[in-house]
Amino acid sequence: RKQERRRIYEDNLVNVGLELETEDKSDSKDHKTYFLKIHAPWNVLAKYADILKIKVPFKESDFPHGREAPLEFLSCPFRLPDSVIHPQPDYFTSPFDKNKVEFFLISDKSTFFPPSTRNRIVYYILAHCPYYSEGRKDREKTGIKRLLSNGTYTAAFPLHDGRYWKKARNSEPESERYNLYKHWARFLCFYKEQPLNLIRKYYGEKIGIYFAWLGFYTEMLFFAAIIGLICFTYGVLSYDDNVSSKEICDAEVGGSILMCPLCDKKCPFWKLNSTCLSSWQSHLFDNEGTVFFAIFMGIWVTLFLEFWKRRQARLEYEWDLVDFEEEQQQLQIRPEFEIKCTNRRLNKITQEMEPYLTIHSRCARYSLSAATVLFWISLIVACIIGVIAYRLAVYAAFASIIKDPLRRIQLVGRFITPQLATSVTASCINFVIIMILNFFYERVAIWITDLEIPKTHLEYENRLTMKMFLFQFVNYYSSCFYVAFFKGKFVGYPGDYAYMFGKWSKLRNEECDPGGCLIELTTQLVIVMTGKQVWGNIQEALVPWMMNWWGSRKARNHPESLYSRWEQDHDLQGFGQLGLFDEYLEMVIQFGFITLFVASFPLAPLL
């Protein structure tokens, strides 16, 4: 069956105009895998560039360029040479029309469309090409995504531009991939400007915009990190001048103040000066500089958003992306929508019959989707309540152990208060729960978004973004919100304490440390934010690096006659179905940590 699907699909690709070439399995490294190479000749590229309304240059711009900024020479160490960037003149552009080829600036048809555009055109053809025989109407049998999911093909990918670690031969121009690796995708180049035009040309506008945003975000974080470091340094330097901590630690002041038991039964009375060290620790993050830093970050967030809007508008103009979303994505109906929506109606604007989803089907699908999202958010809330219950139970246990003068753990008791001990263990448990829920919900979110059958790619991304961010927001921030705004607010007073589930539960509501809850919020933020970063880096960098290193090692040790270009690229890490979605989501969650709770941890921007 798979062989028959492949035969029909490949015949239909040839009928469209693509040129196919099959590499026999005997030529592959494992002697098991066939590779089907696809080439798009000029007439196919021209036809689909016309269909997709791809903008191409027709006249060189005669607008004068802006003058060089003063002190431009100071940025020279951070700039890349022109031989890498290949600066090009600005052009006026227009949607491609295959009937007016002479109207456009075409010097060489083989290089007129950049690699990213060629790949986009070929992928569009692959996604819309059916694999049913002519005359039959099996509408579901369409597109490369379906063939990949049912195992007819194992992978579909565009080929890279030569080897990235090896210079071209003397007669050949330097490959764009080599230039990107040498001058951009290496750690030692972190201080250099990004070759955004080259990234856009090689990978396309979406990935170009992502790295433009990431670079801008990193630059702006640099200023926040410096101010945060200064505020933290102030806390360290003013360590010995902290009057409140001195009074708490003083045997005559803090040592004479007797505090009520932290739990009802086993906890003894305790003296205030037993929290001496934790009050000093709290001063590192909770000092006069914290107020200044909170005000600064409020201004920083506003400037970041406004300056990015300006930068984005400039990129949209330079890359000719004005109305890019509307033209390129909103008007493209997803193949899945065309397949699953069998009903047709007349579009009053285009006067063409188009697929649509009935109102009854839409309501049923949206209701199921909303109920699923609410269930998962309720699950997060239930987990948070479970962690709070854990905190209350363990808090009493820690209080009875650490504050008990008969037990020989006074050394630990000096450094760790019951609040801090509970906060650290609860934060670790909370982080594990967050990662487990994330793992499952990501798959559920994709499933319910597919169930809704969004019409366009943009609509699909928007719906998935809303579901994922709503969930991630509650999942990551709810524990921090609890510590920041609710913990210690509903405690009661000696003789009439408040209990979480009523007096019968004997779980007294949590109190803050005598120095306040800020140090606990710092602990929560450090564990969740740093844990997420470390786990994300392991997933993002280490695993793909090992896979790519192994593929690269094989490639370096074997000539291309033995280990072909398509085999090398096949062994690289896959790009994933959602593309940059996870990258953006990770950065947005990080942005939330840096802006919402940064007052409790000034080193967050530095991290």
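Keep in mind that this is a model prediction, so the values were computed, not measured.

Trainee: What is the right way to read empty space enclosed by the protein from this model?
Mentor: Empty space left among the atoms is revealed by rolling a probe the size of a water molecule over them. As enumerated under the stated definition, the model contains 3 cavities of 30 Å³ or more in all. The space that makes up the second largest cavity amounts to roughly 60 Å³. Along its surface, the second largest cavity is lined by I384, V387, I388, R391, A426, N430, S479, Y482, V483 and Q524. Looking at the lining of the second largest cavity, the elements with two or more residues in it are α15 (359-402), α17 (418-452) and α18 (457-486). No other element matches the 4 residues that α15 contributes to the lining of the second largest cavity. For the lining of the second largest cavity, the class distribution of residues is 6 nonpolar, 3 polar and 1 charged.

Trainee: Whenever I open this one, the nonpolar core confuses me. Can you help?
Mentor: Soluble globular proteins: nonpolar side chains tend toward being buried together. Within the largest apolar cluster, 76 residues are counted, with the highest numbers of intra-cluster contacts made by Y217, W300, F304, Y476 and F593. Element by element, the count of residues in this core is highest for helix α9 (residues 205-237), at 13 residues. Each residue touching F593, except ones within four places of it in the same chain, is listed here: Y476, Y477, C480, L525, V528, M529 and V598. Within the second largest apolar cluster, 26 residues are counted, among which are L45, Y48, F112 and I121.

Trainee: Can you help me understand the side chain of E586 in this one?
Mentor: Tracing the backbone through its elements, the reader meets E586 in helix α21 (residues 581-596). In this structure, E586 is buried with no salt-bridge partner, the nearest side chain bearing the opposite charge being K532 at 4.3 Å. For E586, the contacting residues outside a window of four places in its chain are K532, G536 and E540.

Trainee: Whenever I open this one, the packing of aromatic side chains confuses me. Can you help?
Mentor: As enumerated under the stated definition, the model contains 44 aromatic pairs in all. When the ring of F96 is compared with that of F113, the centres are 5.6 Å apart and the planes differ by 70°; the resulting orientation is edge-to-face. With a gap of 17 residues between them, F96 in the loop between β4 (91-95) and α4 (109-112) and F113 in the loop between α4 and α5 (115-128) connect regions that are remote in the sequence. The burial state of F96 is the same as that of F113; both residues are buried. Ring geometry for F481 against F485: centres 5.4 Å apart, planes inclined by 35°, an arrangement best described as tilted. Linking F481 with F485, this pair stays in helix α18, spanning 4 residues, or about one helical turn. Site record: aromatic cluster; members linked through ring pairs are W184, Y210, F211, W213, F216, Y217, W300, F304, W308, Y584 and F591. Taking the ring centre of F439 as reference, the NZ or CZ of R443 above it sits at 4.0 Å.

Trainee: Hey, could you run me through unusual backbone geometry in this one?
Mentor: The phi dihedral of D320 is positive, around 60°, even though this residue is not glycine. Relative to the assigned elements, D320 resides in the loop between α12 (288-318) and α13 (324-330). Judged by its relative accessible area of 25%, D320 falls in the partly exposed class. One non-glycine residue, I453, lies in the positive phi region at around 50°. In this structure, I453 sits in the loop between α17 and α18.

Trainee: Could you clarify how one ought to interpret the packing of α9 against α12 in this entry?
Mentor: Helix-helix packing: each pair is described by the crossing angle between the helix axes and the interaxial distance. The interhelical angle for the contact between α9 and α12, taken along N-to-C directions, is 165°, at an axis separation of 10 Å. As far as their axial angle goes, α12 and α9 are roughly antiparallel. The two elements α9 and α12 meet at a crossing, and its hand is right-handed. Partitioned by chemical class, the residues of the contact of α9 with α12 number 22 nonpolar, 2 polar and 1 charged.

Trainee: Got a minute to help me understand the side chain of Q524 in this structure?
Mentor: Relative to the elements of secondary structure, Q524 occurs in helix α19 (residues 518-557). Side-chain polar atoms of Q524 contact the side chain of S427, separated by 2.8 Å. Setting aside anything within four residues of it in sequence, one finds Q524 in contact with R391, S427, N430, S479, C480 and V483.

Trainee: Looking at this structure, how should I read the pattern of salt bridges?
Mentor: Pairs can form between side chains of opposite charge whenever their charged atoms are close. This model, assessed by the stated rule, comprises 17 salt bridges. The partner of K55 in a salt bridge is D320, and the shortest N-O contact between them spans 3.8 Å. Note that K55 is positioned in strand β3 (residues 55-60) and D320 in the loop between α12 and α13, a separation of 265 residues in sequence. Here E452 and R463 are joined by a salt bridge, their closest N and O atoms 3.2 Å apart. Taken together, the residues span a long stretch of sequence, with E452 in helix α17 and R463 in helix α18 at a distance of 11 residues.

Trainee: Help me out: how do you make sense of α5 in this one?
Mentor: It helps to recall that an α-helix has 3.6 residues per turn; residues three or four apart then point in one direction. In a regular helix each residue adds 1.5 Å, so 14 residues correspond to 20 Å; α5 covers 20 Å between its end C-alpha atoms and thus fits that length. As for α5, its buried residues are in contact with α1 (2-16), β2 (35-39), α2 (42-51), α6 (144-149), α8 (196-203) and α14 (335-340).

Trainee: Is there a simple way to think about the UniProt feature "transmembrane region" (unreviewed entry) in the chain in this case?
Mentor: The sites that UniProt annotates as "transmembrane region" (unreviewed entry) are residues 210-237, 289-308, 373-398, 418-441, 468-486 and 587-606. Between the end C-alpha atoms of residues 289-308 there is a gap of 28 Å, over a span that is 100% helix and 0% strand. The distance separating the terminal C-alpha atoms of residues 587-606 is 14 Å; by composition the span is 50% helix and 0% strand.

Reading guide: rules and limits
- Residues numbered from 1 in each chain as written.
- Predicted model: local features only at pLDDT ≥ 70, side-chain atom pairs only at ≥ 80, totals over all residues.
- Heavy atoms only, no water.
- 1 Å grid on protein atoms, 1.4 Å probe; cavity = no way out; pocket = protein on both sides within 12 Å on 5 of 7 lines; lining within 4 Å.
- Points joined across faces, edges and corners; volume = space filled by probe spheres on them.
- Helix = DSSP H or I, 4+ residues; strand = E, 2+ residues; numbered from the N terminus.
- Nonpolar A, V, L, I, M, F, W, Y, C, P; charged D, E, K, R; others polar.
- Core = buried A, V, L, I, M, F, W, Y, C linked by side-chain atoms within 4.5 Å.
- Buried < 20%, exposed > 50% of the residue type's maximum accessible area, 1.4 Å probe, protein only.
- Contact = heavy atoms within 4.5 Å.
- Lys, Arg positive; Asp, Glu negative; His and termini not counted.
- Salt bridge = Lys/Arg side-chain N within 4 Å of Asp/Glu carboxyl O.
- Phe/Tyr/Trp six-rings, centres within 6.5 Å; stacked < 30°, edge-to-face > 60°.
- Lys NZ or Arg CZ within 6 Å of the ring centre and 35° of its normal.
- Axes fitted to C-alpha atoms, helices over the stretch in contact; angles between N-to-C directions.
- Parallel < 35°, antiparallel > 145°, perpendicular 65-115°, else oblique.
- Left-handed = near helix turned anticlockwise from the far one by under 90°.
- Polar contact = N/O pair within 3.5 Å; in protein donor to acceptor, adjacent residues only side chain to side chain.
- Expected span 1.5 Å × (residues − 1).
- UniProt positions renumbered as here; feature names shortened; annotations may be inferred.

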